[in-house]
Amino acid sequence: MGYTLRTYDFELIECLRKLAIICLPIFFRPAGSVAQLIFGLMVCFLTFGTLMLYAPYVEKDDNFLASMCQVQ
């Protein structure tokens, strides 16, 4: 019961975020390029906005903690 009922499927968004950050940048060549960095930053920025918009957790403290972890 970590998520509110209106955002019960937010776990899917979290899984897609992790896959996008880790798996998709391997298709950018060369390894360690600026394109990989920009792609990772864009994914992080968009998922942070989604987290702030939906506030998926039941407790307000949990939403605050999740947002601070995303900022780090």
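As a reminder, the structure under discussion sits directly above these lines.
Residues numbered from 1 in each chain as written. Predicted model: local features only at pLDDT ≥ 70, side-chain atom pairs only at ≥ 80, totals over all residues. Heavy atoms only, no water.

### Remarks on the packing of aromatic side chains
The full count for this structure, using the stated rule, is 3 aromatic pairs. On the numbers, 6.0 Å between centres and 55° between planes, the contact of Y3 with F10 is tilted. Like Y3, the residue F10 is buried in the burial classification. Ring centres of F28 and F39 lie 5.3 Å apart, and the angle between their planes is 45°; on these two criteria the pair is classed as tilted. (Phe/Tyr/Trp six-rings, centres within 6.5 Å; stacked < 30°, edge-to-face > 60°. Buried < 20%, exposed > 50% of the residue type's maximum accessible area, 1.4 Å probe, protein only.)

### Section: a nonpolar patch on the surface
Together, V34, I38, M42, F45 and L46 make up an exposed nonpolar region whose accessible area comes to about 540 Å². You can see M42 is positioned in helix α2 (residues 34-54). With relative accessibility at 44%, the residue M42 sits in the partly exposed group. (Patch = residues over 30% accessible without salt bridge, like charges linked within 9 Å, V, L, I, M, F, W, Y side chains within 5 Å. Areas by Shrake-Rupley, 256 points an atom, 1.4 Å probe, with all protein chains shown as cover. Salt bridge = Lys/Arg side-chain N within 4 Å of Asp/Glu carboxyl O. Helix = DSSP H or I, 4+ residues; strand = E, 2+ residues; numbered from the N terminus.)

### Considering unusual backbone geometry
P30 follows R29 through a cis peptide bond whose omega is -5°. Locating P30 in the fold gives a position in the loop between α1 (10-22) and α2. With a phi angle near 45°, A55 is a residue other than glycine that sits in the positive phi range. Tracing the backbone through its elements, the reader meets A55 in the loop between α2 and α3 (60-71).

This is a description of form; function is not addressed.
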